[in-house]
Amino acid sequence: MRLRKTGLLAPVNDIIDLPTPSNISYWWNFGSLLGLCLGIQILTGVLLAMHYRSDVSLAFSSVAHIVRDVNYGWILRYVHANGASLFFICVYCHIGRGLYYGSYSRVLTWIVGVLIYFIMMLTAFIGYVLPWGQMSFWGATVITNLVSAIPSVGGSIVEWIWGGFSVSNCTLNRFFSLHYLLPFVLVGLVLAHLLTLHEKGANNPLGVVSLSDRSTFHVYFTIKDILGFLILLGVFVIIGIEPRIETLLQDPENFIQANPLVTPVHIQPEWYFLFAYAILRSIPNKLGGVLALFASILVLLLMPILDRSKIRSLTFNPVAKFFFWFIVGDFFILTWIGSAPAGTEPYVLIGRIATIFYFGYFLVLVPLLGYLSNLFYEYNGTT
Amino acid sequence: MLRVEADDQLHPPHYPWSHDGILSSLDHASIRRGYQVYKEVCSACHSLDQIAFRNLVGVSHTEEEAKALAESVNIEDGPNEDGEMFLRPGKLSDYFPPPYKNDEEARAANNGALPPDLSLMNKARHGGEDYMFSLLTGYCDPPAGITVREGLSYNPYFTGGAIGMPQQLFDDMLEYEDGTPATVSQLAKDVSVFLKWCTEPYYDDKKRMFMKAFLIISFLTGISWYYKRHKWSVLKTRKLAYKPPVK
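Fair warning: this is a prediction, and the values are worked out from it, not measured in the lab. (Residues numbered from 1 in each chain as written. Chains lettered and ligands numbered in written order. Predicted model: local features only at pLDDT ≥ 70, side-chain atom pairs only at ≥ 80, totals over all residues. Heavy atoms only, no water.)

This part covers the interface of chain A and chain B. Many analyses report the size of an interface as the accessible area lost when the parts associate. Contact with chain A, which involves 44 residues of that partner, is made by 42 residues of chain B. For the chain A face of the interface with chain B, the top three residues by lost area are A:R68, A:W74 and A:I241, together amounting to 19%. Scanning the region where chain A abuts chain B turns up 2 salt bridges. As a salt-bridge pair, B:R238 and A:D213 come within 2.8 Å of each other at their nearest N and O atoms. Counting every contact that joins chain A to chain B gives 8 residue pairs in polar contact (both at pLDDT 80 or more). (Contact = heavy atoms within 4.5 Å. Buried area = accessible area lost by both parts, 1.4 Å probe. Salt bridge = Lys/Arg side-chain N within 4 Å of Asp/Glu carboxyl O. Polar contact = N/O pair within 3.5 Å; in protein donor to acceptor, adjacent residues only side chain to side chain.)

Structural data, given as structure tokens:
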């Protein structure tokens, strides 16, 4: 089969002959699931854009039009809205997998991955503005205002982003344009993510070089990925049949048309931003909060430097494993704090402790645990 | 997800709605009765501007009935050849006419309170139909120590307790065409189901389609799980052995 190894078909061969470690677990399915999520979002998004109108007087009713009058429009909207949630569930599993098994040893892949995550958050935030409900408007107002924390030029930048002096028609229109553009930027980055990954090949649960035991991508991993796809589609369907899950993912405020004169009691982003929102609110200073917000994501970039352990993956490191589950728990606590009312005890205190632990884990615990692991690794019984 | 709400509000209990079950559709007889309640009671103040008469066809009314309902209201149309706006009987394609010309008129007629549009009300409040049922049946005297401003009513399910809308539903205030006794709870339940349908007109389609999808996907998942296991069985049952070189 020379044809598929040369010329145009060579990239396709990545899902045929690609040597893949035999021992990668189901945690390695999230990469392909994320590809599926991106595909679903782009497909439904392009179809929704055919019926959506990005004008403040029409946006809210055009969504109602899609749901009520467009043939199967409600499915498009349902899949696109809940697809965002599933997308983030998958991305958090994917990042968690990377942290646990030390996948950041593929440094370039990891950096591109963090960039993908960052642009994904941006795309999701901008997309949430488009239905022009109350939370769309007020979420956009709060989050874009964060930029004004930048000293001296912040105010001008915010007005430049808004295209006016408040979140307005200009803002909605440019957000729609960007929401259509950014997913294709993501596609490009995803290709870069894959290209850099295939330099070294996938990591594996043991964290060892796996050249001695690899299998072809097809049929082993194609069938495993298809099984994963079907389970994800099953989750979609379960959310659709059991309405209470969907209610959990939606904010009632966003079924009220945006009204600049009425502020909702609790302004909060979608669940997938709540952990970062909690970190933002835990810092008593506005600029400090914004910096912490960005740092909470950018700290991931430092992982290849912070973890000096000679043994990749936590599989053989029970102490680090123990603390890993603390950071997972911390993520859930921050998510909960992000949805709690602002400025109320004990949520503020819990939020601050969780924030300190969040950064403490990456900046102190990871280097320390790596150092300890190296001590044990090099221990030869003579002290 | 745990969510902490303002404490000045009673949370509605969960009622056993007949459409709750995984295999259950909306109760269409209830939607029809609920439409009657909306038309005779709610529509005096609340608009329902995303719903057209054509939406009722095949859901709660036949095409002839819906046409007759549409013709019973006058819709402003125009301009005609002379440039004048005129009134004509409604058609199936017309949306439900709003009770007020604009928000200002609505506020002026209701002590400054704006009766919200009900098209998405089921999703626009925490608790959905449980909230609506509780609110409509929950009017009571304010507890000792709480005074409600003149023109407002007390309802523990409403944020803050003081609601601009007085109690609207009373026993036997209307006569159902199917003879169902029109008690307050019956009226509240029917209009809640009607508004649930207004918010999610695709509710039944969604359930039907997703049930089919669920069956197909479960079947395919089973097959691919088995096929995956079959293909992997070779890899999974390998035995690695070290054979020292023969001397």
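Now that the structure has been shown, the text picks up again.
So, about the UniProt feature "transmembrane region" in chain A. Residue and element names in this part refer to chain A. Look at the UniProt record and you will see "transmembrane region" annotated at residues 30-50, 74-96, 109-129, 175-195, 221-241, 289-309, 320-340 and 345-365. Between the end C-alpha atoms of residues 74-96 the distance is 33 Å, and the span holds 100% helix and 0% strand. The straight-line gap between the two end C-alpha atoms of residues 109-129 is 31 Å; of that span, 100% is helix and 0% is strand. (UniProt positions renumbered as here; feature names shortened; annotations may be inferred. Helix = DSSP H or I, 4+ residues; strand = E, 2+ residues; numbered from the N terminus.)

Right, let's get into the UniProt feature "binding site: a ubiquinone" in chain A. All names here are of chain A. The feature "binding site: a ubiquinone", as given by UniProt, occupies H198 in the numbering adopted here. Within the secondary structure, H198 sits in helix α7 (residues 169-200). For H198, a relative accessible area of 27% gives the class partly exposed. For H198, the contacting residues outside a window of four places in its chain are D14 and L18. (Buried < 20%, exposed > 50% of the residue type's maximum accessible area, 1.4 Å probe, protein only.)

On the UniProt side, "domain: Cytochrome c" (unreviewed entry) is annotated at positions that read residues 29-181 of chain B here. What you have in residues 29-181 of chain B is 30% helix and 8% strand, and the ends, taken at the C-alpha atoms, are 14 Å apart.

A separate point is the packing of helix α1 (residues 30-49) of chain A against helix α8 (residues 217-241) of chain A. All names here are of chain A. Two numbers describe how α1 lies on α8: the axes approach to 9 Å, and their chain directions differ by 50°. What the angle tells us is that α1 and α8 run oblique. Considering only the axes of α1 and α8, their crossing is right-handed. Seen from α1, the contacting residues are S32, L33, L36, C37 and I40; seen from α8, they are D225, G228, F229, L232, L233 and F236. Among the residues forming the contact of α1 with α8, the class breakdown is 8 nonpolar, 2 polar and 1 charged. (Axes fitted to C-alpha atoms, helices over the stretch in contact; angles between N-to-C directions. Parallel < 35°, antiparallel > 145°, perpendicular 65-115°, else oblique. Left-handed = near helix turned anticlockwise from the far one by under 90°. Nonpolar A, V, L, I, M, F, W, Y, C, P; charged D, E, K, R; others polar.)

Residues and elements named next belong to chain A. The end-to-end C-alpha separation of α7 is 47 Å, in line with the 46 Å expected for 32 residues at 1.5 Å each. Listed as buried for α7 are T171, L172, F175, F176, H179, L182, P183, L186, L189 and T196. Positioned one or two residues after α7, G201 has a phi angle of 90°, which is positive. (Expected span 1.5 Å × (residues − 1).)

All names here are of chain A. Each domain of chain A was delimited in the assignment, giving domain 1 (24-264) and domain 2 (267-382). Here the C-alpha centroids of domain 1 and domain 2 sit 23 Å apart. With 42 residues of domain 1 at the interface, the matching set in domain 2 holds 29 residues. When domain 1 packs against domain 2, the two sides together hide about 3300 Å² of surface, and 75% of this comes from carbon and sulfur. For the domain 1 face of the interface with domain 2, the top three residues by lost area are Y100, Y104 and L146, together amounting to 20%. At the junction of domain 1 with domain 2, the criterion picks out 11 residue pairs in polar contact (both at pLDDT 80 or more). Among the secondary structure elements, those contributing two or more residues to the side of domain 1 that touches domain 2 are α3 (73-101), α4 (107-129) and α5 (134-145). Of the residues contributing to the side of domain 1 that touches domain 2, the split by class is 30 nonpolar, 10 polar and 2 charged. (Domains from an automatic or database assignment.)

Moving on: helix α3 (residues 63-71) of chain B. Residues and elements named next belong to chain B. All of the buried residues in α3 are A66, L69 and A70. The arc that holds every buried residue of α3, seen down its axis, measures 100°, which confines them to one face. In the core, the buried residues of α3 are packed alongside α1 (28-40), α2 (53-56) and β2 (86-89). (Arc of directions from axis to C-beta.)

Our focus in this paragraph is the confidence of the model for chain B. On average, residues of chain B carry a pLDDT of 92, and 97% of them reach 70 or more. For this predicted complex, the interface confidence reaches an ipTM of 0.89, while the overall pTM sits at 0.93. (pLDDT = per-residue confidence, 0-100.)

Look at the link from A:H218 to A:V219: it is a cis peptide, with omega at 10°. Structurally, A:V219 can be placed in helix α8. With an omega of 0°, the peptide bond running from B:G78 to B:P79 counts as cis. Here B:P79 is to be found in the loop between β1 (74-77) and β2. A positive phi angle, near 60°, is found at A:Y72, a position not held by glycine. Structurally, A:Y72 can be placed in the loop between α2 (59-68) and α3. Note on A:Y72: relative accessible area 53%, which makes it exposed. Look at B:D172: it is not a glycine, yet its phi comes out positive at around 55°. Summarising the element assignment, B:D172 is placed in the loop between β4 (162-163) and α7 (184-199).

Residue and element names in this part refer to chain B. According to UniProt, the "binding site: heme c" (unreviewed entry) feature falls on C42, C45, H46 and M165. In sequence the annotated residues extend across 124 residues, while in space they remain close, none of their C-alpha pairs exceeding 10.7 Å. Summarising the element assignment, C42 is placed in the loop between α1 and α2. Not counting residues within four places of it along the chain, the set of residues in contact with C42 comprises V37, L118 and V191. Looking at the secondary structure, you find C45 in the loop between α1 and α2. Every residue in contact with C45, bar those within four places of it in the chain, is listed here: P99, Y100, N110 and P115.

Before going further, it helps to examine the nonpolar core. Ranked by internal contacts, the top residues of the largest apolar core, which has 119 residues, are A:F88, A:Y92, A:L99, A:Y117, A:F275, A:Y358 and A:F362. Looking at this core element by element, the count peaks at 16 residues for α3(A). Mapping this core onto the domain boundaries places at least three of its residues in each of domain 1 (24-264) and domain 2 (267-382) of chain A. In this structure, B:L48, B:A66, B:L136 and B:V193 belong to the second largest nonpolar core, which totals 42 residues. (Core = buried A, V, L, I, M, F, W, Y, C linked by side-chain atoms within 4.5 Å.)

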